[in-house]
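Observations on the model geometry
Given next are the chains, with one letter for each unit.
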Amino acid sequence: MDRARVDVLIVGGGPAGLSAARALGEAGATALVVEKDPRIGEEVRTSGGTWIRDMVEHGISADLYHPFRRVRLVTAGSETTFEHREASACVLDVRRTYRSLASRSVQAGASVRTGTTFQSLSIGKDRVSEVVLRDASGRTQKVRAEVVVDASGYAATPSRRFGVPTGFRQFGLGVEEELEAPAYDQEEAVLILGREFAPDGYAWAFPCGRGRVRVGVGVSLPAPGPQPAELLRRLLSESAHLRASLEGARRVEVHRGIVPFSAPTGPLVWNGLVRVGDAAGQVSALAGEGIRLALDAGSMAGRAVARALEDGGAESPYLREYERSWRRSQGRELRAAYQVHRRLLGQTDADWERLGRALSPLPAEHIDRLLRSRYSAGWLMRVLVRSPRTIRVGIGLLRSRPSSGREGSVSP
C-alpha cells in the first residue's frame, strides 16, 4: 500500500472543499482534495440558486451564472410578483462553477484527485493520524495529514467514522429536471407553496440561461405520501402556473440532492478534523440553499488551518478561530432559518394563502432578506409597517408546531 504525506487532506470536491484548498494553497500549505466522482461537478446535486453579491465576493465570474430580476410567489389562493430594478439572485452553471473553483485551487498550489473515495481513518493520540483512500482502479493508499477537512456532503462520512457528534436529525430531498424551454421567461423564478405539489417544502422553477429552466420539488425525509419524483411529474403536467411557460419544453437531465437541516450544533473542529459545507450542516433550512455558505465556510476554514499549521499544527488555538468566526458571522442566520422552517411545517393551503397575502405588499428587497434569513429589529419594524397582516401571520407561526414530528424541507 502506497503512503503519502500532506499538510491537509480535504475529503470532497464541492465548493466548501475547493475554497478551503485554494486558501491553503495560497498560504503555502500542501493540500490534497479527493473527490469520489470521476470529474469535478460530474453529478449535479443542486439547483444552483444563490445571490449575486456573494458570488462577486468570492470571485465567481459573471459568465458562470444567470441573473434574474423577478420572483413570483404562488400559493393555493394567491400570487404575487416581487421585482428588483437590477438582478439580485442568480442560478449557477454548477458544473462550470465547480470546475472553475477546482482550477483556481490548483493554480494556488493545491492538488485535486478525482475518482478517489475515502475508505477509513486511523486514530492516534485522540487525533486523526492516517486516512485510507481508494482510487477508481481499486488501488489503496494511506495518507498522513496534520489536519483532515470533511467536505464530503450530507453523509459526513469522515466525521461519523471519527465519532464527531454531527447533530443531524433531519434531511431534505430535492428532485428537479433541467428543461430546454424556449417559452420560459428567463427574468423570472417561480416559488410554489402548498400541499398539492410540495407538502412541507416548496416547488420551484429557476431560469438558468440558454433557454433552459430547472423545475423541481423538495420534501422532508422520511416523506409519507407522494415522493418527490411523483410530485414533480404532477407539477410538470398539472400546474396552471407553469403550463404556458413550459409549452414545448424538452428534458435535458435530472438532478437529485440531499441536504441536512438542523440548528447549528455539533463541533466544527474536533481533534484535528474540521467540518465545512453540508458536512457541517451549513445549509439554510428555510431556502434549502448552501452554496454561498459553503464558499464562506471553506475560505474561513482554509485560512484558519493555514495559521494553525504555522503555529504548531492541529493543537494550535488558531484552528478553532474558524469555528468562532463562523458562528459569529453565520450562526445566527442559520438558527433563524431553522426556527422559521420548523414553524412552517404542517401548514395547510389556507395557512400558505394567508402568508402569501401578508407578504404581497413587501418590496423585493424585504423578500431577499427573508429568504437569506438576515433578520433584524429594524427590518422587522419596516415589514410590519408595510404589511400589518404579518403580525397575525407571524404570531401564528410562532405558536405553531410541526404536527407530524418531522423536520425537513427542500434541496435547491
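For clarity, every value in this text was computed on a predicted model and none was experimentally measured.

It is worth spelling out the packing of helix α1 (residues 15–26) against helix α6 (residues 291–310) at this point. Across the interface, α1 lies against α6 with an axial gap of 7 Å and an inter-helix angle of 35 degrees. Handedness of the α1/α6 crossing: right-handed. Every residue of α6 that contacts α1 at P15, A16, S19, A20, A23 and L24 is listed here: A294, L295, G298, S299, G302, R303, V305, A306 and L309. Tallied by class, residues from the contact of α1 with α6 come to 10 nonpolar, four polar and one charged.

For the rest of this paragraph, the subject is the side chain of H366. Here H366 lies in helix α9 (residues 364–372). Overall, H366 belongs to the buried group, its relative accessible area being 11%. Apart from the residues lying within four places of it in its own chain, the contact partners of H366 are W379, R382 and V383.

We now examine the sheet that holds strand β12 (residues 170–180). Judged by pairing direction, the sheet is mixed, and its seven strands sit side by side in the order β6-β5-β13-β14-β15-β12-β16 without closing on themselves. At either margin of the open sheet sits one strand with a lone partner, and together these are β6 (79–83) and β16 (250–261). For this sheet, the mean inter-axis angle between neighbouring strands, taken without regard to orientation, is 15 degrees. Relative to strand β15 (residues 212–221), strand β14 (residues 198–209) runs antiparallel, the two being bridged by six bridges. By the bridge assignment for β15, A205 is matched with V215.

Low pLDDT means the predicted atomic positions in that stretch should not be read closely. This prediction gives the chain a mean pLDDT of 91; 95% of its residues lie at or above 70. The low-confidence segment residues 400–412, where pLDDT is below 50, has 64 contacts with residues more than four positions distant or belonging to other chains.

Bringing the pairing of strand β1 (residues 2–11) into the picture now. The pairing of β1 with strand β11 (residues 140–150) spans nine bridges and is parallel. Directly across from V6, in β11, lies its bridge partner A145. In the sheet, β1 pairs with strand β2 (residues 31–35) via four bridges, with the strands oriented parallel. Residue pairing for β2: V8 is matched across the bridge by A31. In terms of handedness, the path from β1 via α1 over to β2 forms a crossover that is right-handed.

The rules behind the values
- Residues numbered from 1 in each chain as written.
- Predicted model: local features only at pLDDT ≥ 70, side-chain atom pairs only at ≥ 80, totals over all residues.
- Heavy atoms only, no water.
- Axes fitted to C-alpha atoms, helices over the stretch in contact; angles between N-to-C directions.
- Helix = DSSP H or I, 4+ residues; strand = E, 2+ residues; numbered from the N terminus.
- Left-handed = near helix turned anticlockwise from the far one by under 90°.
- Contact = heavy atoms within 4.5 Å.
- Nonpolar A, V, L, I, M, F, W, Y, C, P; charged D, E, K, R; others polar.
- Buried < 20%, exposed > 50% of the residue type's maximum accessible area, 1.4 Å probe, protein only.
- Pairing = 2+ DSSP bridges.
- pLDDT = per-residue confidence, 0-100.
- Right-handed = clockwise from strand over helix to strand, strands pointing away.

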